[in-house]
Amino acid sequence: MATKKETVLIDGRLVAKKIKAEIKKEVAEIVDRGENGPHLAAVLVGEDPASQTYVASKEKAAHEVGMISSTYRYPADITEKELLEVIDYLNSDDEVDGFIVQLPLPKHIDESKVINRINPAKDVDGFTPVNVGNMVLGKPALLSATPYGITELLKHYKIKTEGKHVVVLGRSNIVGRPISILLSQKAEFGNATVTLCHSKTKNMSDITRSADILICAIGQPQFVKADMVKEGAVVIDVGIHRLGDDSAKKGYRLVGDVDFNAVAKKAAYITPVPGGVGPMTIAMLLKNTLLSYKKEIH
Ligand code: GUN
């Protein structure tokens, strides 16, 4: 019987570090020319602990590569009108090259109205209709950071997508939908046959078992079990959840959308959680900020 090849752990921290080192070098050159360098701003509404952690990580990463970073914090009862005024202010501030509005927003605020207000040239999350539309059309766009990070991971590990069956679990605007579009495009790291599964998909396991590359962004802890995965598949786990664990120092441990230990035994490549897709999202946000600074997209 043929023995199974070793599973390759896709090291997002390593790839993100390499990308951040390239960005840092370029930022240093910009600053050496006497310019201020790229400035990334974040808007944080309310007290959601996960959002606070994400924004703090983004701020720290921006500083690591020599960028200017600022966070605009508002209470959860900020009105939609007030928040739109903050967006207008950041759009018009020449000192800010790119900014994000951390999601989710409180229920009384219409998220799409807020996102629509962001100047596409400063939309380093790639969430505005202009950037999404250009991405769909294969035109230059600021790409949503997580899908962009996934394509960079595939490139780094030389995982070919052409002609492969990619199955994406989850149809969110932030991950599932854009990654399904990017990988089906006529491009080197595209040309895949993509199936997008969601909560109404029937016989999901039959579909996932035919995936050469399985991208899991369904938002449910350890949803993907070993019997849903083909032997030798590439498994990309976008989920991140806190699971109560009394044996852990913090009282919880982080898990993804994939039952990692069991699925890793079957996969040829797999991303861990933490340390897989997460660090790449931040690296690509910085990359987008640099692109905005250089006005290479818009
Ligand atoms: N909330 C969860 N992920 C993200 C993200 O990538 N960007 C923003 N702005 N909010 C998020």
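## Here we look at a nonpolar patch on the surface
- Taken together, the side chains of Y54, I240 and L254 make up a nonpolar region of the molecular surface, amounting to roughly 240 Å² of accessible area.
- On the secondary structure map, L254 appears in strand β10 (residues 252-255).

## Concerning the nonpolar core
- Core analysis: the biggest nonpolar cluster contains 52 residues, and I23, M67, I150, L154, I215, I236 and L286 have the highest contact counts within it.
- Per-element accounting of this core gives the leading share, 10 residues, to helix α10 (residues 277-293).
- Non-local contacts of I23, meaning those with residues more than four positions away in its chain, are made with V65, M67, A283, L286, K287 and L290.
- The next biggest cluster of nonpolar side chains, apart from the first, holds 19 residues, and it includes V43, L83, L84 and I115.

## Description of the packing of aromatic side chains
- Here the structure, examined in full by the defined rule, presents two aromatic pairs.
- Seen from their ring centres, Y157 and Y269 are 6.4 Å apart, and the 75 degrees between their planes marks the pair as edge-to-face. Of this pair, Y157 sits in the loop between α6 (145-156) and β5 (165-169) while Y269 sits in strand β11 (residues 269-270), and the two are 112 residues apart along the sequence.
- Classification of Y157 as buried rests on a relative accessible area of 18%.
- Given the relative accessible area of 24%, Y269 is considered partly exposed.

## Topic: the site of the ligand
- Neighbouring the ligand are the residues K58, V101, Q102, L103, D125 and F127.
- Taking V101, its main chain carries an N or O atom lying 2.8 Å from a nitrogen atom of the ligand.
- Separating a nitrogen atom of the ligand from a side-chain N or O atom of D125 is a distance of 2.6 Å.
- The protein chains hide 81% of the 280 Å² of surface that the ligand would expose on its own.
- Taken together, the residues that form the shell around the ligand break down as three nonpolar, one polar and two charged.

## Here's the deal with the sheet that holds strand β4 (residues 98-101)
- Taken in spatial order, the three strands make up an open sheet running β3-β2-β4, and their pairing is parallel. Every interior strand has two partners, whereas the edge strands, β3 (68-74) and β4, have only one. When the angles between neighbouring strand axes are averaged without regard to direction, this sheet yields 15 degrees.
- Note: strand β2 (residues 39-45) against β3, seven bridges, orientation parallel. Among the inter-strand pairings, H39 is bridged to a residue of β3, identified as I68.
- In the packing of helix α3 (residues 80-92) onto the sheet, contacts are made with β2, β3 and β4, and the angle to β2 comes to roughly 180 degrees.

Quick notes on the rules
- Residues numbered from 1 in each chain as written.
- Predicted model: local features only at pLDDT ≥ 70, side-chain atom pairs only at ≥ 80, totals over all residues.
- Heavy atoms only, no water.
- Patch = residues over 30% accessible without salt bridge, like charges linked within 9 Å, V, L, I, M, F, W, Y side chains within 5 Å.
- Areas by Shrake-Rupley, 256 points an atom, 1.4 Å probe, with all protein chains shown as cover.
- Salt bridge = Lys/Arg side-chain N within 4 Å of Asp/Glu carboxyl O.
- Helix = DSSP H or I, 4+ residues; strand = E, 2+ residues; numbered from the N terminus.
- Core = buried A, V, L, I, M, F, W, Y, C linked by side-chain atoms within 4.5 Å.
- Buried < 20%, exposed > 50% of the residue type's maximum accessible area, 1.4 Å probe, protein only.
- Contact = heavy atoms within 4.5 Å.
- Phe/Tyr/Trp six-rings, centres within 6.5 Å; stacked < 30°, edge-to-face > 60°.
- Near = heavy atom within 4 Å.
- Polar contact = N/O pair within 3.5 Å; in protein donor to acceptor, adjacent residues only side chain to side chain.
- Nonpolar A, V, L, I, M, F, W, Y, C, P; charged D, E, K, R; others polar.
- Pairing = 2+ DSSP bridges.
- Axes fitted to C-alpha atoms, helices over the stretch in contact; angles between N-to-C directions.

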